Amino acid sequence: MPQKPGAPSDLPAIEAARREFDPVNITTQQGLKESDDANSLKAGVRGPSLLQDFVLREKITHFDHERIPERIVHARGAAAHGVFQAYPGNEKYTKAGFLQDPAKQTPVFVRFSTVAGSRGSADLARDARGFAVKFYTDEGNFDLVGNNIPVFFIQDAIKFPDFVHSVKPEPNNEIPQAASAHDTFWDFISLTPESFHMIMWVMSDRAIPRSYRMMEGFGVHTFRFINAAGESQFIKWHWKPLLGTHGVAWDEALKTNGADPDFHRRDLWEAIENGVYPEWELGVQIISEADAAKLKIDLLDPTKIIPEEVIPVTKLGKMTLNRNPDNFFAETEQVAFHPGHVVPGIDFTNDPLLAGRLFSYTDTQLLRLGGPNFAQIPINRPVCPVHNFQRDGFSQQRVDMGRVAYAPSSLQTDAPAHIGKLPGGYEEFPQKADGEFLRAKPELFADHYSQATLFYVSLTPAEQKHLQNALKFELSKCDTLQVRERVVENLAHIDAELAGEVAKGLGLVAPAIPAPKLAPQYKPSPALSMVHPGGSVAGRKVAIIAGEGHDAAEVAALQAALKAEQVSWHLIAPTLAPVKDSKGNSVTPDATLENTRSVLYDAVFVPGGKEHIDGLRLLGKAKAFVAEAFMHCKPIAVGVNAAAVLDDANLPLADIGTDPQALKDQGIVVADSTGKSVPQDLLHAMRFHRFWDRPGVDKVAA
Ligand code: HDD
């Protein structure tokens, strides 16, 4: 059941630890009521503070210790609680308990993140996004620690520190923050051809998502499912957002990072507060051992996908995020994910990147959360019983009783014992291993470019252009010529047009090598493109620019239509002073032309009203608002006799055409003399998300 904010938590440990604000008296940590919280103990009012002031010392000392190390990667994130519910029929694939009973709800906690930036960095960095889900199942916690991109930069965990050092701010001056547009990153990449498939994804619009709610998620590695009969199949995890997968324009991302660095965090928080609960379907691509051998793709290679058109995604259930955390530090910061937190029915493969991860995540939590008892922190506690002989350590929360903290033991006959072969125990799949010790890679790992080509040719022309522009932007920020040249050389192995365009943007010439072709085993994959119009607009936000004298009926009609589709809006006026609408009602604006800008909205509406339009025409900020929305390919609607604001914004409408239908086809809705169809026309346009092919956007000054 969806929970309202403030309702009891599904997690007993969180529920037990939650504390309402206590209006009684301030006490010390020892429970001593403080007589004065504002003055330290002094020898005379103008005298020195005294060392014996244990109240001051306790308070300052606790404050001094408030910070813990941020995550080495994925430091910046936002999280939410929710539930997962399985679809029927999964038992033939896996015995995992949480995937069996469609009537059962399994609590989840999900943390989304950027990878490179620090905790305080801006949300709209060009970066992969973490998508980590903790399922609190009756059989123990299962963590699906994935990303919004289905492949990774490197094939072996031994290169992870090198990769991360290259993308993080450069060590001498700690510049740039949360950005890959610098020499060390591209130096590493240009010398690591296995990274180029992932580079296609992180230079695409996937890396600048419109919202966490509009991202796909992937487990990246191949895992195993094992059913009750002990049969095993390979799987690849997928999360499919019900709102579709959408990105923003790069110029918009740059501006959003200034206008609202918490854009994604706020978007997730507000959607949940407003009851517009984000939802994803969980699915898997299932590959039998026999089929795996036939694929010309090595399933152990985390730089490769299996196109969804070759092996479709089987849906297993649905996740709904329905509750914001109560406390960012206690929950979002202290949650500890680990790809090795699995339940019976789920097992690993020999992917060498996964092997390193299985070691790394415990190790990092020991440092970050201060010792081996981090699993006892409320957000990390399983909902099922935990019994073992692990004891003591920093911040031990349990009071384990009795003499026996070992097994076997004859002193305590009811001490916990392993379950053995009885149902419910975790048993590793009896996979055979036989080989010489060596440091090497399988043969197919050497195919670095064929899936990069597949990705590029599967995009729409507009998406390809965004990707070219992203590479031009990033590489133009690299000081070292050889680095830029080496990247272009790699691109020439992916696509000739891509390499040519990027080279042109950098004043280089792409190497004259035969134009690469899509490998015969692949066909362009529509699933790789993000342009699939027609989805829900729930949780979107519209800017209504409504100054003095705006048409009350037009605004009311639009608001009713938006409300019906769970779309929110801001009324934006020149100042925060209430404005009078055409009916003389006093309306209080939500934002001003000074304190917000179009990048924070999905669409713009300027209602009619002579006085209002005449007023807006004098305001540069109003013109910039409209021009910027046009440039970012967003839907724009103007009310009755309000088209002058489009002219004033200097929009190259002639490039689109003067016919209202031609404009509408490009997401520009101009009201007729009644304005009646504007709300539905605007909503229709919003279902396309963006009009990436809109002519003339490069001519707009904004
Ligand atoms: Fe990782 C955090 C996802 C490779 C080592 N990783 C972390 C988080 C996500 C991922 C989503 C944040 C979890 C959270 O919100 O707390 N990582 C991935 C994916 C990878 C990947 C999808 C490739 C398929 N990671 C990877 C490798 C290593 C690590 C190869 C090391 C060998 N990752 C870590 C870490 C982090 C982490 C250092 C930092 C904070 C944490 O674990 O808890 O251990």
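Thresholds applied
- Residues numbered from 1 in each chain as written.
- Predicted model: local features only at pLDDT ≥ 70, side-chain atom pairs only at ≥ 80, totals over all residues.
- Heavy atoms only, no water.
- Salt bridge = Lys/Arg side-chain N within 4 Å of Asp/Glu carboxyl O.
- Helix = DSSP H or I, 4+ residues; strand = E, 2+ residues; numbered from the N terminus.
- Buried < 20%, exposed > 50% of the residue type's maximum accessible area, 1.4 Å probe, protein only.
- Polar contact = N/O pair within 3.5 Å; in protein donor to acceptor, adjacent residues only side chain to side chain.
- UniProt positions renumbered as here; feature names shortened; annotations may be inferred.
- Contact = heavy atoms within 4.5 Å.
- Near = heavy atom within 4 Å.
- Phe/Tyr/Trp six-rings, centres within 6.5 Å; stacked < 30°, edge-to-face > 60°.
- Lys NZ or Arg CZ within 6 Å of the ring centre and 35° of its normal.
- Arc of directions from axis to C-beta.
- Pairing = 2+ DSSP bridges.
- Core = buried A, V, L, I, M, F, W, Y, C linked by side-chain atoms within 4.5 Å.
- Domains from an automatic or database assignment.
- Axes fitted to C-alpha atoms, helices over the stretch in contact; angles between N-to-C directions.
- Parallel < 35°, antiparallel > 145°, perpendicular 65-115°, else oblique.
- Left-handed = near helix turned anticlockwise from the far one by under 90°.
- Nonpolar A, V, L, I, M, F, W, Y, C, P; charged D, E, K, R; others polar.

Q: How should the pattern of salt bridges be read in this particular structure?
A: Opposite charge on two side chains permits them to pair, given that their charged atoms come into close proximity. Summed over the entire model, instances satisfying the criterion amount to 43 salt bridges. Taking the shortest distance from any N to any O, the salt bridge between Lys541 and Glu270 comes out at 3.3 Å. Of the two residues, Lys541 sits in strand E11 (residues 541–545) while Glu270 sits in helix H7 (residues 263–273), which places them 271 residues apart along the sequence. When the shortest N-O distance is used, the salt bridge between Glu565 and Arg687 registers 3.1 Å. One end of the pair, Glu565, is in the loop between helix H15 (552–564) and strand E12 (568–573); the other, Arg687, is in the segment after helix H20 (678–686), with 122 residues separating them in the sequence. Look at Glu565 and you get partly exposed, because its relative accessible area is 26%. Exposure remark for Arg687: the relative accessible area of 23% places this residue in the partly exposed category. If you follow the salt bridges from partner to partner, you end up with Arg210, Arg213, Asp267, Arg540 and Asp602 in one network.

Q: Is there a simple way to think about the environment of Glu474 in this case?
A: The residue Glu474 is located in helix H12 (residues 461–476) in this model. A polar side-chain atom of Glu474 sits 2.7 Å from a polar atom in the side chain of Ser180.

Q: Explain the UniProt feature "active site" (unreviewed entry) in the protein chain to me, please; I cannot follow it from the model alone.
A: UniProt tags His74 and Asn147 as "active site" (unreviewed entry). For the residues just named, distributed over 74 residues, the greatest C-alpha separation is only 10.4 Å, placing them together at one site. Counting through the fold element by element, His74 comes out in the loop between helix H2 (54–64) and strand E1 (77–86). Among all residues touching His74, those that are not within four sequence positions of it are Arg111, Ser113, Thr114, Val115, Gly130 and Asn147. Looking at the secondary structure, you find Asn147 in strand E4 (residues 140–147).

Q: How should the environment of Leu508 be read in this particular structure?
A: Looking at where Leu508 falls in the secondary structure, it is placed in the loop between helix H14 (496–506) and E11. On the basis of relative accessibility, which here comes to 16%, the residue Leu508 falls in the buried class. As a C-alpha pair, Leu508 and Ala415 span 93 residues in sequence and 72 Å in three-dimensional space. Among residues more than four places away in sequence, those in contact with Leu508 are Leu481, Arg484, Glu485, Val488 and Ala503.

Q: What is the right way to read the site of the ligand from this model?
A: The immediate surroundings of the ligand are formed by 23 residues, with Arg71, Arg111, Arg357, Tyr361 and Gln365 found nearest. Of all elements in the fold, only strand E3 (129–137), E4 and helix H10 (352–368) reach the threshold of two or more residues within the shell around the ligand. The greatest single-element share of the shell around the ligand, amounting to 7 residues, is contributed by H10.

Q: Would you explain the packing of aromatic side chains in this entry?
A: Under the counting rule described, the total for this entry stands at 29 aromatic pairs. Here the aromatic residues Phe84, Phe98, Phe112, Phe131, Phe135, Phe142, Tyr212, Phe225, Trp237, Trp239 and Trp280 are joined through ring pairs into a cluster of three or more. In this structure, Arg126 is placed above the aromatic ring of Trp250, and the distance from its NZ or CZ to the ring centre is 3.8 Å.

Q: How do you make sense of H14 when you look at a structure like this?
A: What sets the pattern is the α-helix's 3.6 residues per turn: residues three or four places apart point alike. Among the residues of H14, Leu498, Ala499, Val502, Ala503 and Leu506 are the ones counted as buried. The buried side chains of H14 occupy one side of the element, clustering within an arc of 125° when seen end-on. Of the surrounding secondary structure, the elements contacted by the buried residues of H14 are helix H5 (196–202), helix H11 (450–458), H12 and helix H13 (481–492). The opening residue of H14 is Asp495, an N-cap whose side-chain oxygen sits 3.0 Å from the backbone nitrogen of Glu497. Of the residues trailing H14, Gly507 is marked for its positive phi of about 70°.

Q: Can you walk me through the pairing of strand E16 (residues 603–606) in this structure?
A: In the case of a regular strand, side chains alternate between the two sheet surfaces. Side-chain alternation along E16 places Ala603 and Phe605 on one buried face and Val604 and Val606 on a second face that is also buried. Pairing geometry for E11 and E16, over 3 bridges, is parallel. Across the sheet, residue Ala543 finds its bridge partner in E16, namely Val604. As paired strands, E16 and strand E17 (residues 636–638) are joined by 3 bridges and run parallel to one another.

Q: Looking at this structure, how should I read the pairing of E3?
A: When you tally the buried positions in E3, you get 9 out of 9 residues, the bulk of the element. Because side chains alternate across E3, one face comprises the buried residues Arg129, Phe131, Val133, Phe135 and Thr137, and the other comprises Gly130, Ala132, Lys134 and Tyr136, equally buried.

Q: So what exactly am I meant to see when it comes to the nonpolar core here?
A: Generally speaking, a soluble globular protein has its nonpolar side chains buried in company with each other. Grouped together as the largest cluster of nonpolar side chains are 62 residues, with contacts concentrated most on Phe153, Trp186, Ile199, Met200, Leu471 and Leu491. The element contributing the most residues to this core is H5, with 6 residues. Composition of this core by domain shows at least three residues from each of domain 1 (42–380) and domain 2 (449–528). In this structure, Ala249, Phe630, Leu653 and Val697 belong to the second largest nonpolar core, which totals 42 residues.

Q: What is the right way to read the UniProt feature "binding site: heme" (unreviewed entry) in the protein chain from this model?
A: Taking the numbering used here, the UniProt-annotated feature "binding site: heme" (unreviewed entry) corresponds to Arg71, Arg111, Phe160, Arg357, Tyr361 and Arg368. Within the element layout of this structure, Arg71 appears in the loop between H2 and E1. Exposure remark for Arg71: the relative accessible area of 9% places this residue in the buried category. When near neighbours in sequence (up to four residues on either side) are disregarded, Arg71 contacts Arg111, Thr332, Glu333, Val335 and Arg368. Only 3.3 Å separates the side chain of Arg71 from the backbone oxygen of Thr332, close enough to count as a polar contact. Considering the arrangement of structural elements, one finds Arg368 in helix H10. With relative accessibility at 3%, the residue Arg368 sits in the buried group. When residues no more than four places from it in sequence are discounted, the contact partners of Arg368 are Ile68, Pro69, Glu70, Arg71, Glu333, Gln334, Val335 and Ala336. Separated by 2.7 Å, the side chain of Arg368 and the backbone oxygen of Glu333 make a polar contact.

Q: It is not clear to me how the domain arrangement of the protein chain should be interpreted in this structure. Could you clarify?
A: Reports often express the size of an interface as the amount of accessible area lost when the parts come together. Split by domain assignment, the protein chain resolves into domain 1 (42–380), domain 2 (449–528) and domain 3 (541–699). Centre-to-centre separation of domain 2 and domain 3, based on C-alpha positions: 37 Å.

Q: Would you mind showing me how to read the side chain of Asp602 here?
A: Counting through the fold element by element, Asp602 comes out in the loop between strand E15 (591–592) and E16. A polar contact is formed between the side chain of Asp602 and the side chain of Arg210, at a distance of 2.6 Å. When residues no more than four places from it in sequence are discounted, the contact partners of Asp602 are Arg210, Arg540, Lys541, Lys634, Pro635, Met686 and Arg690.

Q: For this particular structure, what's the right way to read the sheet that holds strand E18 (residues 668–670)?
A: The pairing of strands in a sheet comes from backbone hydrogen bonds and takes either a parallel or an antiparallel form. Strands sit in the order E15-E12-E11-E16-E17-E18 across an open sheet of 6 strands; the sheet is parallel. Looking along the sheet, the strands with just one partner apiece sit at the ends: E15 and E18. Relative to the sheet, H15 contacts E11, E12 and E16, its axis offset from that of E12 by approximately 155°.

Q: Would you mind showing me how to read the packing of H13 against H14 here?
A: To describe two helices that pack against each other, one gives the angle between their axes and the distance between the axes. With their axes 8 Å apart at the nearest point, H13 and H14 run at an angle of 160° to one another. Between H13 and H14, the angle is such that the two are roughly antiparallel. Relative to H14, the crossing made by H13 is left-handed. Across the interface between the two elements, Arg484, Val488, Leu491 and Ala492 of H13 pack against Leu498, Ala499, Val502, Ala503 and Leu506 of H14. By residue class, the composition of the contact of H13 with H14 is 8 nonpolar, no polar and 1 charged.

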